[in-house]
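Structural overview for review
Letter by letter, the chains look like this.
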4 protein chains.
Amino acid sequence: MALAPCFASDNYAGVHPAIMAALAAANSGPAQAYGADAVTQAARARFKEVLGERAEAFFVFLGTAANVLALQAMTSPHHAVLCASTAHINVDECGAPERHLGCKLMSVDTPDGKLTPELLRPFLLHLGNEHHNQPRVVSITQATELGTVYTAGEIRALADFAHGSGMLLHMDGARLGNAAAALSEGQECELRHITADAGVDALSFGGTKNGLMFGEAVVFFRPELAREFPFIRKQGMQLCSKMRFIAAQFLALLEGDLWRKNAAKANAMARLLADKVADIPGVRLTQPPQTNAVFAALAPAVIKRLQTRFAFYVWNHEENVVRWMTSFATTEAEVEEFAAAVRQEALKG
Amino acid sequence: MALAPCFASDNYAGVHPAIMAALAAANSGPAQAYGADAVTQAARARFKEVLGERAEAFFVFLGTAANVLALQAMTSPHHAVLCASTAHINVDECGAPERHLGCKLMSVDTPDGKLTPELLRPFLLHLGNEHHNQPRVVSITQATELGTVYTAGEIRALADFAHGSGMLLHMDGARLGNAAAALSEGQECELRHITADAGVDALSFGGTKNGLMFGEAVVFFRPELAREFPFIRKQGMQLCSKMRFIAAQFLALLEGDLWRKNAAKANAMARLLADKVADIPGVRLTQPPQTNAVFAALAPAVIKRLQTRFAFYVWNHEENVVRWMTSFATTEAEVEEFAAAVRQEALKG
Amino acid sequence: MALAPCFASDNYAGVHPAIMAALAAANSGPAQAYGADAVTQAARARFKEVLGERAEAFFVFLGTAANVLALQAMTSPHHAVLCASTAHINVDECGAPERHLGCKLMSVDTPDGKLTPELLRPFLLHLGNEHHNQPRVVSITQATELGTVYTAGEIRALADFAHGSGMLLHMDGARLGNAAAALSEGQECELRHITADAGVDALSFGGTKNGLMFGEAVVFFRPELAREFPFIRKQGMQLCSKMRFIAAQFLALLEGDLWRKNAAKANAMARLLADKVADIPGVRLTQPPQTNAVFAALAPAVIKRLQTRFAFYVWNHEENVVRWMTSFATTEAEVEEFAAAVRQEALKG
Amino acid sequence: MALAPCFASDNYAGVHPAIMAALAAANSGPAQAYGADAVTQAARARFKEVLGERAEAFFVFLGTAANVLALQAMTSPHHAVLCASTAHINVDECGAPERHLGCKLMSVDTPDGKLTPELLRPFLLHLGNEHHNQPRVVSITQATELGTVYTAGEIRALADFAHGSGMLLHMDGARLGNAAAALSEGQECELRHITADAGVDALSFGGTKNGLMFGEAVVFFRPELAREFPFIRKQGMQLCSKMRFIAAQFLALLEGDLWRKNAAKANAMARLLADKVADIPGVRLTQPPQTNAVFAALAPAVIKRLQTRFAFYVWNHEENVVRWMTSFATTEAEVEEFAAAVRQEALKG
């Protein structure tokens, strides 16, 4: 099976050329290890420009670690982390949060992958009771695993709820750029609007899914969370010795809003794909695409035939829903080729 | 302070040009994530060619994780890991082994960073006694943190001792290439001679210190250790989504024995440096350099002045011993410049 | 508030006189610590008589530890434990399982606190996928937290399902005696019928809730689970130095089926209470009592007034369901006094 | 082998009659579980009277847990606990501290089991360096595992050192009573003199070795350490449901200074034994007994013959040093019988 066109995941994509160029440029002679180098310092300063002066950014290798270590800075083992049942931390990290935090994840079913104060209120019933894990963090994913997006107002409401109940708000921003791009219709949505300004306390800032080779950032907006984080990161096996090579990628991603261009491209390709398949008999879009994923219900036989030619995942085996995911590297021609194939196979039934 | 010439650590070096080229070449369109891609498969097969058919290689991001996760595959929390008191796992990983394994590290002082069966035998006294952690793994570093090297025979003796006592042998090979290069005088030492063939059960195969941007390999020589490792790696926050970019680097490192060229170059530069400073009054080499580190005792004032111009670490503050470390990127000119500076400062006293 | 009559929990009761006598008798001069004494050996042998030759019993201090350490012997951190959402391990242990095992608990809603193969089958979807915790243990509670009871056939079906899917079956038997007593109508149910003979692999054998001062037993029916357990127990902070004082209690509990008398008494008192309140207007029994708990829906005001006079818990705040729990120490007179009070308060409305 | 006379350990002894009486008295009808009962409240208040108003006491089942959970309240996983290499937490707890804290224990050899600021100062070298565990707690044992005793002044010096370096002081007081009794010559040493008043921040207050059936207390002298401890204890599997039965024992132990009588008796018996064997040819006391342990060097053959008749442990196999331990239950007649046997066997050679 040729992999292009590929709609499996945005981490099947390669590395954006500007990122590759930044990596090459960073490779100029020796530099201090473990983040004491000038590139890392510049990248950390750039995060403050983008996300506000309180933003303390730390680089790690991958998204699971960004989530787990950010949460570790916010919790003790007798705490609980509240999340949607579809959350990546709950479903796709092989229990890394429970293993490393010692905490319980308390998950709640949602219609669209999005938490609300109403959904979370019942978890407060046992506050102060030593027999039960104590809710300490609300963790949301932006954009969600279902491709939906929280507005700045929705985030603020969750932050207020969390803070009002002695909790903190964590955002898994593996696809934060896609969310910001999606929220930019009409008026540009800056990254800080949906993070620091909306009350987020800690952010996993995704890079890999938006064109990096590797690397994510943990960003804290409260100094007390950042204070011990260098030790948490080192003991958490995420202190990169040649850190400049993560930092250089982030500098490039934030340069000239490359993050937004990449994300907007991915989102646009998803919309295009949705448009192209929306009228195909036997194809039912289960929800309008807000970011870079298209969810569609198809006959099992059609799914099976398409998967012999193209890489993509079945999202819900019981309801025969597939996920088609686009990336910064997806082209219009690829969307058209794939949409044509979907039409062809669907019509066969 | 300009960083070149730089004798701080081999991880201050950048990326070898052949590795950079391999990274660029691997960036050609989409590929399966999480190691299901062709490059990763090729690299894993290449490890079998180099280290023997039993070798099962798994890629991770960094050396601390390679050590910790390899040890996790070999232990339960009530076990103990026996190591030299100077071992990286004991001293330089912020307690990551204890934190992630739950085990106790039992360390022993050595004259040269090298373990022997005689040094380890006293740890067997409490075998079977539930009040004490049970020794399960002997972990050695090759080359050691003191720059010394185990011969194949010494490793075999440790493997026999370990296996005869119900234990396994782990090798932290962060600088395995430097050791193999050092052991190649007269007759070439192949990597398998000092790993699989000498009885090693699990190996942390270093990349970053020998010219890679990032990436290490965990290699198991027993199938039962490899069986559950995909889960250990994922839960251990070390499953790289765009794994081809680690694999491609290792393919290049193993291609045409680039690993040996890089390591031999680093070793040669250390020997050259030792030669150049050996006769300087006030400079005492504490041991002959076997690999890519030179250890020298100097007057504190001399150390202080040199450190204003060059990056390097004080190894032993009580005895005023410094460590000068070379890498694949160190040049003869840099060694000469630095040796001249040492001479100049030492003569001032 | 006087505590008698008390329907709060069976662990509000004191210690059965025969147990107190056994404790006094065990206090005769010195004895080996940590279980090497004769009383402990006798108690372990007695467990083999009661539960079969394969039964390897280990004493611990409390039920949470019995559950957690039994599960630890059966799992690695990347595993999952499947349980009912009402399970004690899931709800009432402050996350001790996640903290100590590292595993994820995967819970499922049930109508009556009882698992079935049908309810569990969906959890097998991701077997072998490194991104997800791997189901390894099915954990059931006998009797359940809802007071319901698994028949031997139901347990056998779960054991067959577990074993057929590469899993093991754990039973939280905090109230095992109450279950056996409940299953003894017509023909006597022996403890082995619903444990070893029904395919259970590991059992938490409850003592405290059935008349002991403290102490539970972990019983394994597979030698490979027992092998390392002495270390797990010691490191798990559950190795009692004066262990004879737990063992002596269990010897007394198993002597002349005291366990059954105590449990049957508690069950009978629950039935009596249910009978006495069944016809009270405004009191609705939500299920027939199978063991020693009565669940009833009452008006909030009635609950509040009753709680000023008697100790008991609200089980479900949303539906105003209370739990009234009896013990070996509950008397008919206490039941009558309490039932009369319920009637009096309920009639006030 | 008959166990009396028994010099193996003070936990081979049974339960003091006054403690047994207190247990029986506490068994009067139902009481709130988990420490909400009146006996527990009284015992906690009694601790404040004995140790000062700041003392917050929490009951747990056993000494290993008292140590581990006290330390857990004081540390994060990237911290280190400094202790003597002979410390119980370092040697005799099967790695429970590392497993449950995630921390590294950094141990130092001592001549007599006692730490000093001078011995600890070198551990401060890497403060603030993310590559190394950060020293956070100094843990001392009173009396030490070698039977030696810290004076109040020595404890104060360690407390000042710890606090001056951003650390806290923990005392493992498994044999605190023996220490206080030993320090009472001339003027009575109150428990608070060598704990709260000397700067101790957290104390493991031993009960089992001084006549209890089971039960230890964790006592904090800083409110911030106590705040979350109910959750730490519950998740740490140490919340006793029928807690009154631990509390009642402690009330009895503190009543009329029973603790001191028991401890003084044990100490006196050790002194008597030392006196009786001091002049035996072939018996060498390696140190004067300060508390309830006698350490003596004997010929291996003599040790072997004595062990066929009496229970005791070899403390140092290389130097043929045995430990003879007395308890509150040891009688003069037992000491005389044993001393006579030692003389008889030693004279045989």
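Within every chain, residues take consecutive numbers counted from 1 along the sequence as written. As they are written, the chains are lettered A onward and the ligands numbered 1 onward, keeping that order. Only residues with pLDDT of at least 70 get local features here, since the model is predicted, and only at 80 or more are side-chain atom pairs given and counted; chain-wide, interface and lining totals rely on the full set of residues. The side-chain quantities take in all heavy atoms of the structure and omit both hydrogens and water.

Residues and elements named next belong to chain A. What counts as a domain boundary in this text is fixed by an automatic or database domain assignment. Each assigned domain of chain A is listed here: domain 1 (17-257) and domain 2 (259-348). Placing the centre of domain 1 and that of domain 2 at their C-alpha centroids yields a distance of 28 Å. Counting from both sides, the interface comprises 25 residues of domain 1 and, opposite them, 18 residues of domain 2. Buried area between domain 1 and domain 2, both sides added, is near 1800 Å², and the carbon and sulfur share of it is 50%. A carboxyl oxygen of Asp or Glu within 4 Å of a side-chain nitrogen of Lys or Arg is what we treat as a salt bridge. The tally of links between domain 1 and domain 2 comes to three salt bridges. Contact criterion: two residues are considered in contact whenever any of their non-hydrogen atoms come within 4.5 Å of each other. Joining two parts hides part of their accessible area as seen by a 1.4 Å probe, and the buried area is that hidden amount summed over both.

On the side of chain A, 49 residues touch chain B, which itself brings 49 residues to the contact. Here chain B packs against chain A, burying approximately 4300 Å² in sum over the two surfaces, 60% of which is carbon and sulfur. For the chain B face of the interface with chain A, the top three residues by lost area are Q235, M237 and K242 of chain B, together amounting to 18%. Counted as a polar contact is a pair of N or O atoms within 3.5 Å, where, for protein atoms, one must be capable of donating a hydrogen and the other of accepting one, and residues adjacent in sequence contribute only when both atoms are in side chains. Scanning the region where chain B abuts chain A turns up 30 residue pairs in polar contact (both at pLDDT 80 or more). To qualify as a helix, a DSSP run of H or I must reach at least 4 residues; to qualify as a strand, a run of E must reach at least 2; elements of each kind are numbered from the N terminus. Take the side of chain B that touches chain A: its biggest share by element is five residues, from helix α3 (residues 63-74) of chain B. In terms of residue class, the side of chain B that touches chain A is built from 27 nonpolar, 15 polar and seven charged. Residue classes follow a fixed rule: Ala, Val, Leu, Ile, Met, Phe, Trp, Tyr, Cys and Pro count as nonpolar, while Asp, Glu, Lys and Arg count as charged, and any other residue, Gly among them, counts as polar.

Superposing the copies works by least squares over the C-alpha atoms of residues that have pLDDT at least 70 in both of them. Of the two same-sequence chains, chain B is brought onto chain A (RMSD 0.0 Å, axial shift 0.0 Å) by a rotation of 180 degrees. Expressed as an axis order, the relation between the two copies is that of a two-fold axis. Among all C-alpha atoms of chain B, that of F61 of chain B lies closest to the rotation axis, at 3.6 Å. The share of interface residues of chain B whose copies in chain A are also at the interface is 100%, consistent with both copies meeting through the same surface.

Residue and element names in this part refer to chain B. Per-residue accessibility, obtained with a 1.4 Å probe over protein chains only, is compared with the maximum for each type, and a residue is labelled buried under 20%, exposed over 50%, and partly exposed between these values. Within strand β2 (residues 79-84), six of the six residues are buried, which leaves it mostly tucked inside the rest of the structure. Every second residue of β2 is oriented toward a common face, with H79, V81 and C83 on one face and A80, L82 and A84 on the other, all of them buried. In this analysis, strands are considered paired if DSSP registers two or more bridges between them. In this structure, β2 lies alongside strand β4 (residues 134-141), joined through four bridges in parallel fashion. Looking across to β4, one finds that H79 is bridged to Q134. Sheet topology note: the β2/strand β3 (residues 104-108) ladder contains five bridges and is parallel. Its bridge partner lying in β3, L82 is registered against M106.

Before going further, it helps to spend a moment on unusual backbone geometry. Residue and element names in this part refer to chain C. Omega for the peptide link from Q142 to A143 comes to -15 degrees, which places this bond in the cis form. Mapped onto the fold, A143 is located in the loop between β4 (134-141) and α7 (152-164). Positive phi is not limited to glycine here, since D257 has a value of about 55 degrees. Counting through the fold element by element, D257 comes out in the loop between α11 (244-254) and α12 (258-277).

Below, the discussion takes up the pairing of strand β10 (residues 313-316) of chain D. Residues and elements named next belong to chain D. Here three bridges tie β10 to strand β11 (residues 321-325), and the two strands are oriented antiparallel to one another. If you follow N316 over to β11, its bridge partner there is V321. If you look at the hairpin formed by β10 and β11, you'll find four residues sitting between the two strands, and N320 has a positive phi there, around 55 degrees.

For the rest of this paragraph, the subject is the sheet that holds strand β10 (residues 313-316) of chain B. Read across the open sheet, the four strands follow the order β8-β9-β11-β10 (chain B); overall the sheet is antiparallel. Two strands bound the open sheet, and with one partner strand each, they are β8 (284-285) and β10 of chain B.

Taken together, the contact between chain D and chain C spans 49 residues of the former and 49 residues of the latter. Buried surface at the junction of chain D and chain C, summed over both partners, amounts to about 4200 Å²; 60% is from carbon and sulfur atoms. The interface formed by chain D and chain C includes zero salt bridges. Broken down by secondary-structure element, the contributors of at least two residues to the side of chain D that touches chain C are α1 (17-26), α3 (63-74), α5 (96-101), α10 (229-235) and α11 (244-254) of chain D. Per element, the largest residue contribution to the side of chain D that touches chain C is five residues, and it comes from α3 of chain D. The residue makeup of the side of chain D that touches chain C, split by class, is 27 nonpolar, 15 polar and seven charged.

On to the pattern of salt bridges. Under the defined criterion, the tally for this structure stands at 79 salt bridges over all chains. The salt bridge partner of R121 of chain B is E118 of chain B, with a shortest N-O separation of 3.5 Å. Its relative accessible area of 54% is what places E118 of chain B among the exposed residues. Through salt bridges with shared partners, a single ionic network connects R44, K48, E53 and E56 of chain A.

Bringing the packing of helix α11 (residues 244-254) of chain A against helix α12 (residues 258-277) of chain A into the picture now. All names here are of chain A. Two elements in contact, α11 and α12, have axes separated by 5 Å at closest approach and are oriented at 75 degrees. One element, α11, and the other, α12, form an angle in the roughly perpendicular class. Only L258, W259 and N262 of α12 make contact with α11, whose side of the interface consists of A252, L253 and L254. Taken together, the residues of the contact of α11 with α12 break down into five nonpolar, one polar and no charged. Under this scheme, a helix contributes an axis fitted over its contacting stretch, all axes are lines through C-alpha atoms, and angles between N-to-C directions fall in the 0 to 180 degree range. Angles below 35 degrees are treated as roughly parallel, those above 145 as roughly antiparallel, those between 65 and 115 as roughly perpendicular, and all remaining angles as oblique.

For any two helices packed against each other, one specifies the crossing angle of their axes together with the interaxial distance. Residues and elements named next belong to chain A. Remark: helix α2 (residues 38-51) packs on α11, axes separated minimally by 8 Å, with the N-to-C direction vectors making an angle of 35 degrees. In the crossing of α2 with α11, the sense of the turn from one axis to the other is left-handed. On the side of α2, the interface is formed by V39, T40, A42, A43, R46, F47 and V50, while α11 contributes R244, A247, A248, F250, L251 and L254. Working rule for handedness: look at the near helix, and if it is turned counterclockwise from the far one by less than a right angle, call the crossing left-handed; if clockwise, right-handed.

Residues and elements named next belong to chain D. Locating S165 in the fold gives a position in the loop between α7 (152-164) and β5 (168-173). You can call S165 buried: its relative accessible area is 19%. On a C-alpha basis, the gap between S165 and E334 in space is 48 Å, while along the polypeptide they are 169 residues apart. S165 has contacts with L124 and L127, leaving out every residue within four places of it along the chain.

Next up on the list: the sheet that holds strand β3 (residues 104-108) of chain D. Whenever strands of a sheet pair, they do so through backbone hydrogen bonds, lying parallel or antiparallel. Residues and elements named next belong to chain D. Spatially, the seven strands line up as an open sheet ordered β1-β7-β6-β5-β4-β2-β3, and their pairing is mixed. A single partner strand is all that each edge strand has here, and the edge strands are β1 (56-60) and β3. Strand-to-strand twist of the sheet, defined as the mean angle between neighbouring strand axes without regard to direction, takes the value 25 degrees. Across five bridges, β1 lies against strand β7 (residues 216-220) in antiparallel orientation.

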